[in-house]
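Analysis of the macromolecular model
Now for the letters of each chain:
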Amino acid sequence: MVGFIDAVIKRDQRLCIIDSLAILPEFQHHGLGYFLITTCIERAREMELQQVLVCCSDDDDKTQGILTDLGFVTKEEAKQDRAETGLTEFQLNLEKRNVLASKNFGR
């Protein structure tokens, strides 16, 4: 295994929460994280979920860039907690069809 993504589906809330994403260091920078996140988004759409949430370390600029490229935005209500946790919470509204940034695949 070179990487994995762990997501929790809450059907009653029509929500997907990405809990973990990891790629072995020697396989990073080849688009695998991007691929796993976009695959998770597409599966959530197929399941007719409304939203995808993910928390990211404040100092993880690479992952934050990928999430932003994919249309994720920071959750407004989570901004106050950010200083305490060191995490930024991102959300993607699936009811609005975002065009996945395929030009960035493999960055």
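Residues numbered from 1 in each chain as written. Predicted model: local features only at pLDDT ≥ 70, side-chain atom pairs only at ≥ 80, totals over all residues. Heavy atoms only, no water.

Remarks on helix α1 (residues 32–46)
- Relative to the 21 Å expected for 15 residues at 1.5 Å per residue, α1 spans 21 Å between its end C-alpha atoms, a close match to the ideal helical length.
- By the burial criterion, the buried members of α1 are G33, Y34, L36, I37, T38, C40, I41, A44 and R45.
- Tucked into the core, α1 has its buried residues touching β1 (3–10), β2 (15–23), β3 (51–57), α2 (61–69) and β5 (87–93).
- Downstream of α1 by one or two residues, E48 has phi in the positive range, about 60°. (Helix = DSSP H or I, 4+ residues; strand = E, 2+ residues; numbered from the N terminus. Expected span 1.5 Å × (residues − 1). Buried < 20%, exposed > 50% of the residue type's maximum accessible area, 1.4 Å probe, protein only. Contact = heavy atoms within 4.5 Å.)

Thoughts on unusual backbone geometry
- Despite not being glycine, R14 shows a phi value in the positive range, around 55°.
- Taking relative accessible area as the criterion, R14 reaches 35% and is therefore assigned partly exposed.
- Here H29, not a glycine, exhibits a phi torsion of approximately 70°, which is positive.
- Judged by relative accessible area, which is 56%, H29 ranks as exposed.

Observations concerning the sheet that holds β1
- The strand order across the open sheet formed by five strands is β1-β2-β3-β5-β4, and the pairing between neighbours is mixed. Taken across any chain shown, the strands that pair with only one partner, and hence form the sheet edges, are β1 and β4 (73–74).
- With seven bridges joining them, β3 and β5 adopt antiparallel strand pairing. Paired with L53 across the strands is Q91, a residue of β5.
- Against the sheet, α1 contacts β1, β2, β3 and β5, and its axis sits at roughly 160° relative to β2.
- Sitting on the sheet, α2 touches β3 and β5, and the angle it makes with β3 is about 160°. (Pairing = 2+ DSSP bridges. Axes fitted to C-alpha atoms, helices over the stretch in contact; angles between N-to-C directions.)

Quick look at the side chain of Q64
- Secondary-structure assignment places Q64 in helix α2.
- For Q64, a relative accessible area of 17% translates into the label buried.
- Once you skip the residues sitting within four places of it in the chain, Q64 turns out to touch C56, S57, D58, T88 and F90.

Regarding the nonpolar core
- Ranked by size, the top nonpolar core spans 18 residues in total, and within it I37, I41, V52, L67, L70, F72 and L94 carry the most contacts.
- The set of elements that each furnish at least two residues to this core consists of β2, α1, β3, α2 and β5.
- With five residues, the top contributor of residues to this core is α1. (Core = buried A, V, L, I, M, F, W, Y, C linked by side-chain atoms within 4.5 Å.)

Shape descriptors only; they carry no functional weight alone.
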